[in-house]
Amino acid sequence: KDVLKIGFYLGGSGNFEKIYEVLKDLIPKINLYNKKVQIIVIPGLYSKGVTKIKNLSIKNNLIKVLNPSLNLDVVLSSLDLLISSAGNIIYESAYYKIPSLIFEVSKNQNNKIQYMEKLGHYFVLPLNDMKYSKKISKLIYFMLEKYKRLKNLQTKKEIQIDNNGALRI
(Lines give C-alpha, C1' and ligand atoms only; values in the text may rest on other atoms or scores of the structure.)
Protein backbone atom coordinates (compact mmCIF):
# COMPACT_ATOMS: atom_id res chain seq x y z
CA LYS A 1 0.00 0.00 0.00
CA ASP A 2 1.04 3.57 -0.59
CA VAL A 3 -0.33 4.66 2.80
CA LEU A 4 -0.31 2.64 6.01
CA LYS A 5 -3.44 3.36 8.03
CA ILE A 6 -3.38 3.16 11.82
CA GLY A 7 -6.77 3.13 13.53
CA PHE A 8 -7.46 4.15 17.12
CA TYR A 9 -10.73 2.85 18.56
CA LEU A 10 -11.92 2.61 22.18
CA GLY A 11 -15.42 1.27 21.79
CA GLY A 12 -18.66 3.21 21.92
CA SER A 13 -17.81 5.26 24.99
CA GLY A 14 -14.03 5.20 25.41
CA ASN A 15 -12.03 8.10 26.76
CA PHE A 16 -9.44 9.38 24.27
CA GLU A 17 -7.49 11.53 26.76
CA LYS A 18 -4.65 9.00 26.99
CA ILE A 19 -4.71 8.40 23.23
CA TYR A 20 -4.10 12.14 22.79
CA GLU A 21 -0.86 11.84 24.79
CA VAL A 22 0.23 8.83 22.73
CA LEU A 23 -0.50 10.68 19.49
CA LYS A 24 1.55 13.70 20.58
CA ASP A 25 4.55 11.38 21.08
CA LEU A 26 3.86 9.30 17.98
CA ILE A 27 3.55 12.06 15.36
CA PRO A 28 7.25 13.11 15.40
CA LYS A 29 8.26 9.45 15.07
CA ILE A 30 5.92 8.91 12.13
CA ASN A 31 7.34 11.96 10.40
CA LEU A 32 10.68 10.09 10.37
CA TYR A 33 9.15 6.87 9.04
CA ASN A 34 10.04 6.00 5.44
CA LYS A 35 6.43 5.37 4.34
CA LYS A 36 3.35 7.54 4.31
CA VAL A 37 1.13 6.95 7.34
CA GLN A 38 -2.38 8.11 8.14
CA ILE A 39 -3.82 8.00 11.66
CA ILE A 40 -7.55 7.42 11.78
CA VAL A 41 -9.31 8.11 15.08
CA ILE A 42 -12.64 6.30 15.34
CA PRO A 43 -14.71 7.71 18.21
CA GLY A 44 -17.80 5.93 19.45
CA LEU A 45 -21.17 7.59 19.86
CA TYR A 46 -20.43 8.35 23.54
CA SER A 47 -16.66 8.81 23.45
CA LYS A 48 -14.97 11.43 25.59
CA GLY A 49 -11.79 13.45 25.07
CA VAL A 50 -12.06 13.64 21.28
CA THR A 51 -11.95 17.46 21.10
CA LYS A 52 -8.22 17.62 21.87
CA ILE A 53 -7.52 15.12 19.12
CA LYS A 54 -9.69 17.08 16.68
CA ASN A 55 -7.64 20.19 17.50
CA LEU A 56 -4.45 18.19 16.97
CA SER A 57 -5.77 16.99 13.61
CA ILE A 58 -6.25 20.60 12.51
CA LYS A 59 -2.55 21.20 13.14
CA ASN A 60 -1.40 17.91 11.65
CA ASN A 61 -2.76 16.36 8.46
CA LEU A 62 -1.58 12.87 9.49
CA ILE A 63 -4.63 12.59 11.73
CA LYS A 64 -8.18 12.13 10.53
CA VAL A 65 -11.00 12.03 13.09
CA LEU A 66 -14.09 10.24 11.82
CA ASN A 67 -17.66 10.91 12.84
CA PRO A 68 -19.10 8.31 15.22
CA SER A 69 -20.77 5.44 13.38
CA LEU A 70 -22.41 2.16 14.26
CA ASN A 71 -21.00 0.44 11.16
CA LEU A 72 -17.22 0.08 11.29
CA ASP A 73 -16.77 -2.52 8.53
CA VAL A 74 -15.65 -0.13 5.81
CA VAL A 75 -13.20 1.63 8.10
CA LEU A 76 -11.82 -1.58 9.63
CA SER A 77 -11.31 -3.27 6.30
CA SER A 78 -9.05 -0.38 5.23
CA LEU A 79 -6.81 -0.39 8.33
CA ASP A 80 -3.32 -1.82 8.46
CA LEU A 81 -2.80 -1.52 12.22
CA LEU A 82 -5.34 -1.15 15.03
CA ILE A 83 -4.86 0.33 18.50
CA SER A 84 -8.01 -0.53 20.41
CA SER A 85 -9.82 -1.59 23.52
CA ALA A 86 -10.35 -5.33 23.92
CA GLY A 87 -14.10 -5.36 23.26
CA ASN A 88 -15.90 -7.12 20.43
CA ILE A 89 -13.61 -5.39 17.96
CA ILE A 90 -11.01 -8.11 18.67
CA TYR A 91 -13.10 -10.52 16.60
CA GLU A 92 -13.59 -8.04 13.77
CA SER A 93 -9.90 -7.21 13.62
CA ALA A 94 -9.14 -10.95 13.67
CA TYR A 95 -11.53 -11.41 10.74
CA TYR A 96 -9.85 -8.62 8.76
CA LYS A 97 -6.39 -9.90 9.82
CA ILE A 98 -5.32 -6.54 11.24
CA PRO A 99 -2.26 -6.55 13.48
CA SER A 100 -3.39 -4.94 16.72
CA LEU A 101 -2.31 -3.42 19.99
CA ILE A 102 -5.12 -4.17 22.43
CA PHE A 103 -5.85 -2.56 25.81
CA GLU A 104 -8.06 -4.23 28.37
CA VAL A 105 -10.13 -1.25 29.55
CA SER A 106 -12.64 -3.06 31.77
CA LYS A 107 -12.87 -6.22 33.86
CA ASN A 108 -14.93 -8.06 31.25
CA GLN A 109 -12.12 -7.53 28.72
CA ASN A 110 -9.52 -9.50 30.66
CA ASN A 111 -8.63 -12.42 28.44
CA LYS A 112 -5.94 -15.04 28.80
CA ILE A 113 -3.10 -14.19 26.47
CA GLN A 114 -2.94 -17.71 25.01
CA TYR A 115 -6.52 -17.30 23.71
CA MET A 116 -5.80 -13.85 22.35
CA GLU A 117 -2.74 -15.22 20.54
CA LYS A 118 -4.87 -17.92 18.94
CA LEU A 119 -6.95 -15.08 17.44
CA GLY A 120 -3.79 -13.30 16.26
CA HIS A 121 -3.56 -10.68 19.02
CA TYR A 122 -0.01 -10.74 20.36
CA PHE A 123 0.10 -7.29 21.97
CA VAL A 124 -2.42 -7.14 24.83
CA LEU A 125 -1.85 -4.70 27.67
CA PRO A 126 -3.81 -3.51 30.70
CA LEU A 127 -5.29 -0.01 30.45
CA ASN A 128 -2.94 1.15 33.19
CA ASP A 129 -0.04 0.83 30.73
CA MET A 130 -1.55 3.58 28.58
CA LYS A 131 -0.11 6.10 31.06
CA TYR A 132 3.31 5.33 29.58
CA SER A 133 2.52 7.30 26.44
CA LYS A 134 6.14 7.57 25.28
CA LYS A 135 6.65 3.81 25.54
CA ILE A 136 3.32 3.09 23.85
CA SER A 137 4.21 5.42 20.98
CA LYS A 138 7.58 3.65 20.64
CA LEU A 139 5.79 0.29 20.57
CA ILE A 140 3.43 1.50 17.84
CA TYR A 141 6.37 2.79 15.83
CA PHE A 142 8.16 -0.54 16.30
CA MET A 143 5.02 -2.30 15.06
CA LEU A 144 5.16 -0.11 11.94
CA GLU A 145 8.80 -0.97 11.38
CA LYS A 146 8.04 -4.69 11.69
CA TYR A 147 4.72 -4.45 9.88
CA LYS A 148 5.42 -7.16 7.27
CA ARG A 149 6.32 -9.63 9.99
CA LEU A 150 3.19 -8.77 12.01
CA LYS A 151 0.98 -9.08 8.95
CA ASN A 152 2.53 -12.47 8.20
CA LEU A 153 1.64 -13.64 11.73
CA GLN A 154 -2.01 -12.94 10.96
CA THR A 155 -2.00 -15.60 8.26
CA LYS A 156 -0.54 -18.18 10.65
CA LYS A 157 -2.86 -17.73 13.64
CA GLU A 158 -4.51 -20.83 15.05
CA ILE A 159 -8.13 -19.64 14.92
CA GLN A 160 -9.31 -18.18 11.64
CA ILE A 161 -12.42 -16.00 11.98
CA ASP A 162 -14.96 -15.91 9.13
CA ASN A 163 -18.23 -14.11 8.63
CA ASN A 164 -20.50 -17.19 8.69
CA GLY A 165 -21.36 -17.16 12.39
CA ALA A 166 -25.02 -16.22 11.84
CA LEU A 167 -25.42 -19.06 9.34
CA ARG A 168 -24.10 -21.56 11.89
CA ILE A 169 -26.78 -20.57 14.40
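Residues numbered from 1 in each chain as written. Predicted model: local features only at pLDDT ≥ 70, side-chain atom pairs only at ≥ 80, totals over all residues. Heavy atoms only, no water.

Chemist: I would appreciate a short explanation of the packing of aromatic side chains in the present structure.
Modeler: For any two aromatic rings, the description comes down to two numbers: the centre-to-centre distance and the angle of the planes. The tally for this structure, following the rule as stated, stands at two aromatic pairs. Geometrically, the ring pair formed by tyrosine 33 and tyrosine 141 is edge-to-face, given 5.8 Å between the ring centres and 80° between the ring planes. Of this pair, tyrosine 33 sits in the loop between helix H1 (17–32) and strand E2 (36–42) while tyrosine 141 sits in helix H6 (residues 133–145), and the two are 108 residues apart along the sequence. Ring centres of tyrosine 95 and tyrosine 96 lie 4.9 Å apart, and the angle between their planes is 70°; on these two criteria the pair is classed as edge-to-face. (Phe/Tyr/Trp six-rings, centres within 6.5 Å; stacked < 30°, edge-to-face > 60°. Helix = DSSP H or I, 4+ residues; strand = E, 2+ residues; numbered from the N terminus.)

Chemist: Is there a simple way to explain the side chain of serine 93 in this structure?
Modeler: By the secondary structure assignment, serine 93 is in helix H4 (residues 89–95). A distance of 3.2 Å separates a polar side-chain atom of serine 93 from the backbone oxygen of isoleucine 90. Here serine 93 is in contact with Leu82, Ile98, Ser100 and His121, once residues within four sequence places are set aside. (Polar contact = N/O pair within 3.5 Å; in protein donor to acceptor, adjacent residues only side chain to side chain. Contact = heavy atoms within 4.5 Å.)

Chemist: I'm lost on H6 in this one. Help?
Modeler: Because the α-helix completes a turn every 3.6 residues, residues three or four places apart line up on one side. For H6, which comprises 13 residues, the first-to-last C-alpha distance of 18 Å matches the rise-based estimate of 18 Å (1.5 Å per residue) to within 8%. Within the sequence span of H6, burial applies to Ser133, Ile136, Ser137, Ile140, Tyr141, Met143 and Leu144. Burial along H6 is one-sided: seen end-on, the buried residues are contained in an arc of 155°. In H6, the exposed positions that point more than 90 degrees away from the buried face belong to Lys134, Lys135 and Lys138. (Expected span 1.5 Å × (residues − 1). Buried < 20%, exposed > 50% of the residue type's maximum accessible area, 1.4 Å probe, protein only. Arc of directions from axis to C-beta.)

Chemist: Looking at this structure, how should I read the packing of H1 against H6?
Modeler: Relative placement of two packed helices is described by the angle separating their axes and the distance separating the axes. The N-to-C vectors of H1 and H6 enclose an angle of 40°; their axes lie 8 Å apart at closest approach. By the angle between their axes, H1 is oblique relative to H6. The way H1 lies across H6 gives a crossing that is right-handed. Note on element contacts: H6 touches H1 through Ser133, Lys134, Ile136, Ser137, Lys138, Ile140, Tyr141 and Leu144, opposite Glu21, Val22, Asp25, Leu26, Lys29, Ile30 and Leu32. Residues of the contact of H1 with H6, tallied by class, amount to eight nonpolar, two polar and five charged. (Axes fitted to C-alpha atoms, helices over the stretch in contact; angles between N-to-C directions. Parallel < 35°, antiparallel > 145°, perpendicular 65-115°, else oblique. Left-handed = near helix turned anticlockwise from the far one by under 90°. Nonpolar A, V, L, I, M, F, W, Y, C, P; charged D, E, K, R; others polar.)

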